[in-house]
Amino acid sequence: MSIKDIIWAGGILIAMGATWGMTSQRISAMEKDVDRLENAIILFTKMESRIAVIETEVKNINKKLDKMNDR
């Protein structure tokens, strides 16, 4: 191998290492985004269930009020 070949191969290895590092950072950032999205979905689901409970309670209160007005 000549000096040119060694420099060429070294350049390729450096480029591959840099690409690996950038890819690793992007994957880490994507994992953080997915975690945030998952937390948002969990929070949204909890809110939906709370709203459903409130809706049911309001319907029950309305039924009781209707019964009181019918008397």
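Coordinates for the structure precede this section.
Residues numbered from 1 in each chain as written. Predicted model: local features only at pLDDT ≥ 70, side-chain atom pairs only at ≥ 80, totals over all residues. Heavy atoms only, no water.

1. What to know about the overall build of the protein
How we decide: Secondary structure elements are taken from DSSP: a helix is a run of H or I of four residues or more, a strand is a run of E of two residues or more, and numbering for both begins at the N terminus. The quantity called the radius of gyration is restricted to C-alpha atoms. Its globule counterpart is 2.2 Å times the number of residues to the power 0.38. Relative accessible area decides the class of each residue, using a 1.4 Å probe on protein chains only: under 20% of the type maximum gives buried, over 50% gives exposed, and in between gives partly exposed. For the accessible areas, the method is Shrake-Rupley and the probe is 1.4 Å, while residue cover comes only from the protein chains on display. Counting rule for charge: Lys and Arg are taken as positive, Asp and Glu as negative, and neither His nor the chain ends is counted. We put the charge of a Lys on NZ, of an Arg on CZ, of an Asp on CG and of a Glu on CD.
Per the secondary structure count, the protein includes 1 helix and 0 strands. Taking 71 residues into account, the globule formula puts the C-alpha radius of gyration at 11 Å, and the protein, at 31 Å, lies well above it. The C-alpha extent of the protein, read off along each of the three principal axes, is 105 × 10 × 10 Å. Relative to its 71 residues, the protein shows a buried fraction of 0%. Roughly 6,900 Å² of accessible area belongs to the protein as shown, and the carbon and sulfur atoms make up 66% of that amount. One way to put it: in the protein the 11 positive side-chain charges average out to a point 4 Å from where the 10 negative ones average out.

2. Remarks on the pattern of salt bridges
When the charged atoms of two side chains with opposite charge come close together, those side chains can pair. Let me state the cut-off plainly: Here, a salt bridge means any Lys or Arg side-chain nitrogen found within 4 Å of an Asp or Glu carboxyl oxygen.
The full count for this structure, using the stated rule, is 2 salt bridges. The residue Asp33 makes a salt bridge to Arg36 at a minimum N-O spacing of 3.1 Å. Taken together, the residues Asp33 and Arg36, both in helix α1 (residues 3-70) and 3 residues apart, mark about one turn of the helix. Exposure remark for Arg36: the relative accessible area of 54% places this residue in the exposed category. The salt bridge partner of Glu55 is Lys59, with a shortest N-O separation of 3.8 Å. Placement of both Glu55 and Lys59 in helix α1 is noted, with a separation of 4 residues, approximately one turn of the helix. Residue classification places Lys59 among the partly exposed positions, given a relative accessible area of 48%.

3. Details of the environment of Thr19
Selection criterion: In protein, a polar contact requires one atom able to donate a hydrogen and another able to accept it; more generally it is a pair of N or O atoms within 3.5 Å, and residues adjacent in sequence count only if both atoms are side-chain atoms.
Structurally, Thr19 can be placed in helix α1. Engagement of the side chain of Thr19 in a polar contact is seen with the backbone oxygen of Ala15, the distance being 2.8 Å.

4. Quick word on a nonpolar patch on the surface
As a reminder of what qualifies: What makes a patch is a set of residues exposed beyond 30% relative accessible area and free of salt bridges, joined within 9 Å when like-charged and within 5 Å when nonpolar (Val, Leu, Ile, Met, Phe, Trp, Tyr).
Together, Met1, Ile3, Ile6 and Ile7 make up an exposed nonpolar region whose accessible area comes to about 510 Å². Mapped onto the fold, Ile6 is located in helix α1.

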